[in-house]
Amino acid sequence: MGILEKIGEIEAEIQRTQKNKATEYHLGLLKAKLAKYRAQLLEPQGKSASKGEGFDVMKSGDARVALIGFPSVGKSTLLNTLTKTHSESASYAFTTLTCIPGVIEYKGANIQLLDLPGIIEGAAQGKGRGRQVIAVARTADLVVMMLDANKGDVQRKLLEKELESVGLRLNKQKPNIYFKVKKAGGLSFNSTCTLTKCNERMVQLILHEYKMFNAEVLFREDCTQDEFIDVIMDNRIYLPCLYVYNKIDQTSIEEVDRIAHKPHCLVISCEMKLNLDYLLEQMWEYLNLVCVYTKKRGEKPDFDDGIIMRRGCSVEHVCHAIHRTLASSFKYALVWGTSAKYSPQRVGVQHIVNHEDVLQVVKK
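Basis of the calculations
Residues numbered from 1 in each chain as written. Predicted model: local features only at pLDDT ≥ 70, side-chain atom pairs only at ≥ 80, totals over all residues. Heavy atoms only, no water. Buried < 20%, exposed > 50% of the residue type's maximum accessible area, 1.4 Å probe, protein only. Helix = DSSP H or I, 4+ residues; strand = E, 2+ residues; numbered from the N terminus. Pairing = 2+ DSSP bridges. Disulfide = S-S within 2.5 Å. Salt bridge = Lys/Arg side-chain N within 4 Å of Asp/Glu carboxyl O.

**Q** Mind showing me how you'd approach the pairing of strand 4 (residues 142–148) here?
**A** Looking down a regular strand, the side chains alternate between one sheet face and the other. With seven of its seven residues buried, strand 4 lies for the most part within the structure. Burial along strand 4 is two-sided: the residues Leu142, Val144, Met146 and Asp148 and Val143, Met145 and Leu147 are all buried. Pairing geometry for strand 1 (residues 63–69) and strand 4, over five bridges, is parallel. Its bridge partner being in strand 4, Leu67 is matched across the sheet by Val144.

What follows is the structure in C-alpha cells.
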C-alpha cells in the first residue's frame, strides 16, 4: 500500500469517527500518523530521479508576494494591471504554465509579485504541478489567495485544505509550546495555564507515535493536538494571507458587502480596475513594511531614496542596511518623526523607528 492510500484511509477513519471524550486519544493518534505520512510525501523520493526544470525564481526586491488560486480567477490579469510585466491571460484554464515574476513599485518599495499556475484539488499530492506551486508559496512573505466572488466560499475552503496539508499555516501564530528532545529521563510535562484541549496522556501517545520517549514539554497556552504535532514536526511555515475576491462586477452588491466584511478579505475587479489601490495598501500593511529616510548634517532629508525595513526595526538595523561597518562606529542618532518624543530626539541603537521617520547618524 502506497503513502497516498494510507493517507486516504486515515482521513476516511477520522471522518467516520465520532468526536467525544472516549475517542479523543484515538483521533490524536490518527492525526499524528497523518502528519507523519504527509511529511514523507513531501520528501523527494529516491536520488536517481533526474533534475527537472527549475520552477522557483530568484528572490529580489524588499518583499515577496505569491498569487495562489484556481485556474481562471484573474491572477495573470492582476499581475498585468499592477506591474509592467506581461503574463499571458485568456478565457481558458491553465493559461499560465510556469512562475512569472513581476515588480510592484509602491511607497518607494519594490515588491516582487509571483504569478503562479492555477492549482487544482489534490495539488498537495502532486496533481497539476501543485507541489511545485506550493513549494514556491512557502518562500513568500505574504500569500494573496485569488478567489472568484461568484463561487462563494467553496474555492477558499479547498485551497486552505491543500495548503494546510503541506504545512502552510495561514494567519496563525506559532504555538507557544517549549519542546526539547532529551537522551534520557522520560517525559517531563508541565503547563503554565489550564489545558482544556490537550493533556499529558495525549502528549505521551503522540510522542510515542514519533518514537520519542524522552522529552521536555511546556505548554504556555491552551493548544490543540494539531498545534502540538506542528511543534514536533518543526517544518511548518506561518504566513499572513490576504483573501482577494475578484470579478465583483459580475455578482450582486449584497454578496460583495458580505465578503468585504469578513476578516482578511477584500473585493476587487481586475477588468474594471476597482479597489486596486486598497489592495496595495493592505499588502503593505500585511508585509509589515516601513520606509525610513536618511539625512546628512546641515542638508535636507533625502525623500527620493528611502530605506525599506520591517516594522519594529531599531536604529541598529537601519545602520546595517546603510553599510555593514556603520553600526560599529555609531555614536548617536537624531530622529525626526512619530517615533520621537520631540524633534529632533537624540537616540541610541535600540530606538525603534516608525514609518517615514528621518534619521541622521553621527559617527564616533
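Once you've had a look at it, read on.
**Q** Before we go on, may I ask you to explain unusual backbone geometry in this structure?
**A** One can expect most non-glycine residues to show negative phi and most peptide bonds to be in trans. A cis geometry characterises the amide bond from Ser343 onward to Pro344, with omega recorded as -10 degrees. Note that Pro344 resides in the loop between strand 14 (330–336) and strand 15 (345–347). Here the phi dihedral of Lys247 falls at roughly 65 degrees; this positive angle occurs in a residue that is not glycine. Tracing the backbone shows Lys247 in the loop between strand 10 (241–246) and helix 8 (253–260). One non-glycine residue with positive phi stands out, namely Asn288, at about 55 degrees.

**Q** Got a minute to help me understand the state of the cysteines in this structure?
**A** What is meant by a disulfide is a covalent connection between two cysteines, made through their sulfur atoms. In total, this model carries zero disulfides according to the counting rule given. Cysteine Cys241 is unpaired, with the sulfur of Cys265 as its nearest cysteine sulfur at 8.7 Å.

**Q** In this structure, what is going on with the pattern of salt bridges? I would like to understand it.
**A** Side-chain pairs of opposite charge can arise whenever the charged atoms involved come near each other. Counting across every chain of the model gives 13 salt bridges. Asp226 serves as the salt-bridge partner of Lys31, at 3.6 Å between the closest nitrogen and oxygen. One end of the pair, Lys31, is in helix 2 (residues 24–42); the other, Asp226, is in helix 7 (residues 225–233), and 195 residues separate them in sequence. When its relative accessible area of 37% is taken as the criterion, Asp226 is described as partly exposed. Counted as one network, the salt bridges with shared partners bring together Glu164, Arg169, Lys172, Asp230 and Arg236.

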